[in-house]
Amino acid sequence: CSSDLRICQPWTVTQPPVCVLGLGLIGGSLLRAAHAAGWEAFGYNRSAEGASAAADDGFDATTDLPVVLSRAAESGALIVLAVPMPALPALLTRVAEQAPDNPLTDVVSVKAAVRDAVADAGLLPRYVGGHPMTGTAHSGWAAGDAALFRDTPWVVSVDDDVDAAVWHQVMTLALDCGAFVVPARSDEHDAAAAAISHLPHLFAETLAQTAAEVPLAFALAAGSFRDGTRVAATAPDLVRAMCEANAAELTVMLDRAIELLGRARTGLVTGGTVADLVEAGHAARISYDNFSRPDILTVRIGAPDWRSELAAAGRAGGVIRSALPAPDSRR
């Protein structure tokens, strides 16, 4: 079945425009990918440099937030929040003032904190969280790429109160951008993101700083150091924002990592071995390499218990590669 649902379903799905607020690496890539997929796409960027660069590249972008939000409200656009967590509350206030009834999603790397901010702004009924699990160490409009999401996971939240029609719109956008969709609850997403994204960022910073204090280290550094520290090249303010917004879950993962490293240290100090850590880590990596992602095919969005069914399927590794049936109604 094509991601263009009109080809393979007896009902008609109306595809709204997409309005991207923030045109950095992820937001800028999303504007490009949505446009390439045939969506009417327009965006806002706070910095004139980024907005001008996007416009110069032929995209519909501006620094005039009131105009963009007015256009979004008039067209019923799906609004995508693509700014760092610290900038989110002020932006949500503006959205609540001008486009409170629009469908709303985001691409921020934490979900519970964003959901809370959306609720504080009174926008929760039309919000479905999102997080494309992709990126580079670079930032800004120039770093964007329409192919950034191709064959990568895109989390779409299935919390208890998410709206079926908005969920379908967000799923369709992710699929049209080339990603596959992983349904997940916000709290479970944040625990997983702490382990596979936020903790590696802190490890990369630690490895880089440790090596910088050792004479000759950079002269000898090769592939393993380069790979292990790649994300340390990310702008520090972005790393701080993602880690600090997920402090509770990241602290749990840090405690576990420190525990494992502490055992390894004890083994070295006492003349023992680091075999337990090395062997368990190797086995875990092999499991990751062999991890299967079965297709989710039978859940109908909007059916009874559809949210819990999708959450369970995502928890088991299931993914959505072609659009699930659309809801018959909003709920």
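Residues numbered from 1 in each chain as written. Predicted model: local features only at pLDDT ≥ 70, side-chain atom pairs only at ≥ 80, totals over all residues. Heavy atoms only, no water.

**Brief notes about the packing of helix α8 (residues 186-212) against helix α11 (residues 236-245)**
So the rule is basically this: Every axis corresponds to a line fitted to the C-alpha atoms, with the helix fit spanning only the stretch in contact, and the corresponding angles, defined between N-to-C directions, vary from 0 to 180 degrees. Starting at the N terminus, helices and strands are each numbered in turn, a helix being any DSSP run of H or I of at least four residues and a strand any DSSP run of E of at least two. An angle below 35 degrees is read as roughly parallel, one above 145 as roughly antiparallel, one from 65 to 115 as roughly perpendicular, and any other as oblique. Take the far helix as the reference: if the near one is turned anticlockwise from it by less than a right angle, the crossing is left-handed, and if turned clockwise, right-handed. By definition in these notes, contact holds between two residues if any of their heavy atoms fall within 4.5 Å. Charged residues are taken to be Asp, Glu, Lys and Arg, nonpolar residues to be Ala, Val, Leu, Ile, Met, Phe, Trp, Tyr, Cys and Pro, and polar residues to be all remaining types, Gly included.
It is at 10 Å that the axes of α8 and α11 come closest, and there the two elements cross at 130°. One element, α8, and the other, α11, form an angle in the oblique class. The handedness of the crossing between α8 and α11 is left-handed. Across the interface between the two elements, Ser 197, His 198, His 201, Leu 202 and Glu 205 from α8 touch Val 239, Met 242 and Cys 243 from α11. Among the residues forming the contact of α8 with α11, the class breakdown is 4 nonpolar, 3 polar and 1 charged.

**Comments concerning the packing of α8 against helix α12 (residues 247-269)**
Following both chains from N to C, one finds α8 and α12 inclined at 55°, their axes separated by 8 Å at the closest point. Viewed along their axes, α8 and α12 adopt a mutual orientation that is oblique. The crossing of α8 and α12 is right-handed. Counting all contacts with α8, which are made through Asp 187, Asp 190, Ala 191, Ala 194, Ala 195, His 198, Leu 199, Leu 202 and Phe 203, the residues of α12 involved are Glu 249, Leu 250, Met 253, Leu 254 and Ala 257. For the contact of α8 with α12, the per-class residue count stands at 10 nonpolar, 1 polar and 3 charged.

**Some thoughts on the confidence of the model for the protein chain**
Rule in force here: Each residue carries a pLDDT score, the predictor's confidence in it, ranging from 0 to 100.
Of all residues in the protein chain, 95% attain a pLDDT of 70 or more, and the chain-wide mean is 92. Under a pLDDT of 50 for its full length, residues 1-12 has, in the predicted model, 17 contacts with residues more than four places off or in other chains.

**A short note on unusual backbone geometry**
Applicable threshold: Think of it in three bands: residues with accessible area under 20% of the maximum for their type are buried, residues over 50% are exposed, and the middle band is partly exposed, with areas taken using a 1.4 Å probe on protein chains only.
Unusually for a residue other than glycine, Leu 216 sits at a positive phi of about 80°. Relative to the elements of secondary structure, Leu 216 occurs in the loop between α8 and α9 (217-220). Of the residues examined, Leu 216 reaches a relative accessible area of 57% and is grouped as exposed.

**Quick notes on the sheet that holds strand β6 (residues 130-132)**
Rules: When DSSP finds two or more bridges between a pair of strands, those strands are recorded as paired.
The strand order across the open sheet built from 3 strands is β6-β7-β8, with neighbouring strands paired in mixed fashion. Where the open sheet ends on each side, the last strands, each with one partner, are β6 and β8 (180-184). On average, each strand axis in the sheet is tilted by 20° relative to the strand beside it, whichever way the strands run. In this sheet, β8 lies alongside strand β7 (residues 153-157) in parallel orientation, the contact comprising 5 bridges. Residue Trp 154 lies in a different strand from β8, and its bridge partner there is Val 181. In the packing of helix α7 (residues 164-176) onto the sheet, contacts are made with β7 and β8, and the angle to β8 comes to roughly 145°.

**What about the pairing of β7?**
This is how the line gets drawn: Handedness of a crossover: with both strands directed away from the viewer, a clockwise path from the first strand across the helix to the second marks it as right-handed.
Most of β7 sits inside the fold, with 5 of its 5 residues counted as buried. Side chains Pro 153, Val 155 and Ser 157 project from β7 onto one buried face, and the interleaved Trp 154 and Val 156 project onto a second face that is buried too. Taken together, the 3 bridges between β6 and β7 define a ladder with antiparallel strand orientation. Pairing of Pro 132 across the sheet is with Trp 154, part of β7. Following the backbone out of β7, through α7 and into the adjacent parallel β8, one traces a crossover that is right-handed.

**Structural notes on the environment of Met 242**
Tracing the backbone through its elements, the reader meets Met 242 in helix α11. For Met 242, the residues in contact, after removing those within four places along its chain, are Ser 109, Val 110, Ser 197, His 198 and His 201.

**Some details on the environment of Val 20**
Residue position: Val 20 is located in strand β1 (residues 18-21). Given a relative accessible area of 0%, Val 20 falls into the buried group. Residues Val 20 and Val 319, 299 residues apart in the sequence, show an inter-C-alpha distance of 25 Å. What Val 20 contacts, discounting residues up to four positions off in sequence, is Gly 27, Leu 30, Leu 31, Phe 42, Gly 43, Tyr 44, Val 80 and Ala 82.

**Digging into the packing of aromatic side chains**
In plain terms, the rule: Between rings of Phe, Tyr and Trp, where Trp is taken as its six-membered ring, a pair exists when centres lie within 6.5 Å; planes separated by under 30 degrees are stacked, by over 60 edge-to-face, and by other angles tilted. Each ring is checked for a lysine NZ or an arginine CZ that lies within 6 Å of its centre and within 35 degrees of its normal; such an atom marks a charge sitting over the ring.
By the definition in use, this model includes 4 aromatic pairs. Judged by centre distance (5.1 Å) and plane angle (45°), the ring pair of Phe 149 and Trp 154 falls under tilted. Trp 154 carries the same exposure label as Phe 149, and that label is buried. An angle of 45° between the planes, with centres 6.0 Å apart, marks the rings of Phe 218 and Phe 225 as tilted. A residue is classified by how much of its surface remains accessible, and Phe 218, at 53% relative accessible area, is exposed. Sitting over the ring of Phe 180, Arg 321 keeps its end group 4.8 Å from the ring centre.

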